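The lines below spell out each chain.
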Amino acid sequence: MNQRDIQVLQEMGLTYWQVRKPSFFPDMQVPVIDLPETCKLLFVCSEALDEHDRWLFGRILKSMKLAPEQALLLPPQALDQVREHHLTWCWLAGCQAAHPAGCQLLTSVSLKQMHTNPASKKALWQQICSYDS
C-alpha cells in the first residue's frame, strides 16, 4: 500500500493495520514506503488532525519556509517501512519512534496540546532555530 493510500484511509477514519511479526507469514511482502523527492518534512503523529490542527500545522510549515506539498503525515507504526527519502526534517508530534536516518529531528507534544500550550510552541521553534546555527 503506498503512502497516499494510507493517508486516504486515515482521513476517512479507517485504521491501517501492520503485521508486527512478518516472519509468521513467509509469503507476505512487507510494504515499503519510498517518499517522493518533493517531501522535505515527515510529520509523524498517531492522532487524526482536525481543521484547527491543520491550520496550526500550515502556520508552522510556513515559518519553516515549506509548502504543504513538501510535507507528509505518517503514523508512528509506518516509520519502519520508510526506505528511500530526501527528507530534511522528521517531526515526531506526541509520539516516540525511530526516525529515518539523515534528517533533522524535531519532537513536540501533539498539535492538539500545542494549541493551549505556548511553551510547547516556543520549544518547537527553538529546536527549529537550533538547526540554523
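Everything numeric in this text was worked out from a predicted model, so none of it was measured. (Residues numbered from 1 in each chain as written. Predicted model: local features only at pLDDT ≥ 70, side-chain atom pairs only at ≥ 80, totals over all residues. Heavy atoms only, no water.)

Among the secondary structure elements, Gln-104 is positioned in strand S4 (residues 104–108). Residue classification places Gln-104 among the partly exposed positions, given a relative accessible area of 25%. Separated by 16 residues in sequence, Gln-104 and Thr-88 have C-alpha atoms that sit 6.0 Å apart. Excluding residues that lie within four positions of it along the chain, Gln-104 makes contacts with Thr-88, Trp-89, Cys-90 and Tyr-131. (Helix = DSSP H or I, 4+ residues; strand = E, 2+ residues; numbered from the N terminus. Buried < 20%, exposed > 50% of the residue type's maximum accessible area, 1.4 Å probe, protein only. Contact = heavy atoms within 4.5 Å.)

Turning next to the pattern of salt bridges. Applying the stated rule across the entire model yields 2 salt bridges. Across the pair Asp-53 and Lys-112 runs a salt bridge, and its minimum N-O distance is 2.5 Å. In this pair, Asp-53 is assigned in helix H2 (residues 51–63) and Lys-112 in helix H3 (residues 111–114), connecting sequence segments 59 residues apart. Of the residues examined, Lys-112 reaches a relative accessible area of 35% and is grouped as partly exposed. Salt bridges sharing common partners tie together Asp-50, Asp-53 and Lys-112. (Salt bridge = Lys/Arg side-chain N within 4 Å of Asp/Glu carboxyl O.)

Here the focus is the pairing of strand S3 (residues 89–93). When you tally the buried positions in S3, you get 5 out of 5 residues, the bulk of the element. Neither face of S3 is exposed, since Trp-89, Trp-91 and Ala-93 on one face and Cys-90 and Leu-92 on the opposite face are all buried. By the bridge criterion, 5 bridges tie S3 to S4 in an arrangement that is parallel. Within S4, the position partnered with Leu-92 by the bridge is Thr-107. (Pairing = 2+ DSSP bridges.)

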